[in-house]
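# Fold and contact review
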Amino acid sequence: MAASGKLSTCRLPPLPTIREIIKLLRLQAAKQLSQNFLLDLRLTDKIVRKAGNLTNAYVYEVGPGPGGITRSILNADVAELLVVEKDTRFIPGLQMLSDAAPGKLRIVHGDVLTFKVEKAFSESLKRPWEDDPPNVHIIGNLPFSVSTPLIIKWLENISCRDGPFVYGRTQMTLTFQKEVAERLAANTGSKQRSRLSVMAQYLCNVRHIFTIPGQAFVPKPEVDVGVVHFTPLIQPKIEQPFKLVEKVVQNVFQFRRKYCHRGLRMLFPEAQRLESTGRLLELADIDPTLRPRQLSISHFKSLCEVYRKMCDEDPQLFAYNFREELKRRKSKNEEKEEDDAENYRL
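Residues numbered from 1 in each chain as written. Predicted model: local features only at pLDDT ≥ 70, side-chain atom pairs only at ≥ 80, totals over all residues. Heavy atoms only, no water.

Note the following rule: UniProt positions are given in the numbering used here, feature names are shortened, and annotations may be inferred rather than shown by experiment.
The protein chain goes by rRNA adenine N(6)-methyltransferase in an unreviewed UniProt entry, where it is assigned to Pan troglodytes. Under the Catalytic activity (unreviewed entry) heading, UniProt states for the protein chain: "adenosine(N)/adenosine(N+1) in rRNA + 4 S-adenosyl-L-methionine = N(6)-dimethyladenosine(N)/N(6)-dimethyladenosine(N+1) in rRNA + 4 S-adenosyl-L-homocysteine + 4 H(+)". Comment text from UniProt for the protein chain, heading Subunit (unreviewed entry), reads "Interacts with mitochondrial RNA polymerase POLRMT. Interacts with TFAM. Bound to the maturing mtSSU until the late stages of assembly."

## Structural notes on the environment of D87
Condition: Secondary structure elements are defined from DSSP: runs of H or I of at least 4 residues count as helices, runs of E of at least 2 residues count as strands, and each element is numbered from the N terminus. N or O atoms closer than or at 3.5 Å make up a polar contact, with two conditions inside protein: a donor-capable atom paired with an acceptor-capable one, and, for residues adjacent in sequence, both atoms drawn from side chains.
Here D87 lies in the loop between β3 (80–85) and α4 (91–100). D87 sits 23 residues away from G110 along the chain, and the two C-alpha atoms are 8.2 Å apart. Within the local environment of D87, its side chain forms a polar contact with the side chain of R89, the two groups lying 2.8 Å apart.

## Here we look at the nonpolar core
Heads up, the condition is: For this analysis, a nonpolar core means a set of buried residues of the types Ala, Val, Leu, Ile, Met, Phe, Trp, Tyr and Cys, connected via side-chain atoms within 4.5 Å. Any residue under 20% of the maximum accessible area for its type is buried, any over 50% is exposed, and the rest in between are partly exposed; the area is computed with a 1.4 Å probe on protein chains only. Residue ranges for the domains trace back to a domain assignment, done automatically or taken from a database. The contact rule is simple, with two residues in contact once any of their heavy atoms fall within 4.5 Å.
If you look at the biggest cluster of nonpolar residues, it comprises 64 residues, and the most contacted ones within it are Y60, L155, L174, F176, F230 and F300. Tallying contributions element by element places helix α11 (residues 297–313) first for this core, with eight residues. Both domain 1 (18–232) and domain 2 (242–326) contribute no fewer than three residues apiece to this core. Discounting residues that sit within four places of it in the chain, L174 has contacts with V62, I138, I139, G140, L142, I151, W154, G226, V227, V228 and F230. Ranked by size, the runner-up nonpolar core spans 28 residues in total, among them I47, L74, A76 and A101.

## So, helix α2 (residues 41–50)
Those residues of α2 not exposed but buried are L43, T44, D45, I47 and V48. Each element contacted by the buried residues of α2 is listed here: β1 (37–38), α3 (68–75), β5 (136–140), β6 (171–177), β7 (204–212) and β9 (225–232). For α2, the side-chain oxygen to backbone nitrogen distance between the N-cap and R42 is 2.9 Å, and the N-cap itself is D40. Of the residues flanking the end of α2, it is G52, one or two places downstream, whose phi is positive at about 115°.

## Notes on the packing of helix α5 (residues 144–160) against helix α8 (residues 242–253)
Our working definition: Here the axes come from fitting lines to C-alpha atoms, over the contacting stretch only for helices, and the angles between their N-to-C directions go from 0 to 180 degrees. Should an angle lie under 35 degrees it is considered roughly parallel, over 145 roughly antiparallel, and from 65 to 115 roughly perpendicular; all remaining angles are considered oblique. Each residue gets one of three labels, nonpolar for Ala, Val, Leu, Ile, Met, Phe, Trp, Tyr, Cys and Pro, charged for Asp, Glu, Lys and Arg, and polar for the others, Gly among them.
Contact pair α5 / α8: the axes reach a minimum separation of 10 Å and the direction vectors enclose 135°. With respect to each other, α5 and α8 are oriented oblique. Between α5 and α8, the contacting residues are I152, L155, E156 and S159 on the first element and F242, K243 and E246 on the second. Each residue belonging to the contact of α5 with α8 can be placed in one class, and the counts come to three nonpolar, one polar and three charged.

## With respect to the pattern of salt bridges
As a reminder of what qualifies: Salt bridges are defined by distance alone: a side-chain nitrogen of Lys or Arg within 4 Å of a carboxyl oxygen of Asp or Glu.
In this structure the tally under the stated criterion is 14 salt bridges. Here D87 and R89 are joined by a salt bridge, their closest N and O atoms 2.8 Å apart. Taking the relative accessible area as the measure of exposure, R89 reaches 30% and is therefore partly exposed.

## Points about the UniProt feature "binding site: S-adenosyl-L-methionine" (unreviewed entry) in the protein chain
Per the UniProt annotation, the sites labelled "binding site: S-adenosyl-L-methionine" (unreviewed entry) are N36, L38, G63, E85, D111 and N141. Mapping L38 onto the fold places it in strand β1. A relative accessible area of 6% means that L38 is categorised as buried. If we skip the residues at most four places from it in the chain, L38 touches L43, T44, I47, G68, N141, I212, A216 and F217. Note that E85 resides in strand β3. Setting aside anything within four residues of it in sequence, one finds E85 in contact with G63, P64, G65, F90, I91, L94, V108, H109 and G110.

Structural data, given as structure tokens:
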């Protein structure tokens, strides 16, 4: 990552403050969309500084809202800033910023979960995956309601090298609830270690760079907010399909307080569960009494490699979902109870 430094001296012309724009346009944070506005320019500047050197960079900002971070990005003298905002109430305020920075700010009314950013910037910005990260950055103060599904979506994009990562190893600087930020960066053995830790860290260098107190936001959320920086790795630490890794990791962490063998058992149909789980653990050389948070990326690499071989041997195995098996069993039991009740009445 390029060294972070002071924001460029190229500044926007005098504008109403974000607080004044909120009052002028009568904007209110929508609770159902988990919106929280960051109004302190010192903090928005800090987020932008931590993203790296943005001079002449191309930036994709997600969820700009009333435009607090947007201003700080424009003040960093970027080549172009693309913002995608779902809430139409914020478009007039963003348009004021666009008018103040002609040719710099492009506004799209859309949903970040479906927006095709791979078509948004010039082909000339693309860099080979093995090179330094491209001059493209993702920055965003994400609504809590979309932050986890969005980062999982982008992690899968990293694995496939598509979406925002067609340009290369695009860096991301994003906000999350503090607890989620801590999970993303948690080390092996940490109490915060989770599914998100493994999924993020096998694909990226992840750093929880600083925490913003909740009272800095309007309205004040019940939690503090963590700022996390992601740089995709040249070589993923687990070289298996994303969906396979996700399935193994999800199964392990669904019983996070139990021994790891408890979750791994759910990868297999009941008829072969005991035998297949034992084989998986033996071939992967994993102690079955380790807790999920004690498993390193190396442990998960071994588990995924062995599970992949078992799926190759039994093509139907990967499609197995223990929850569907439970539903079928429950349905059969209910039918049996109805039959028994009918026979009793007769």
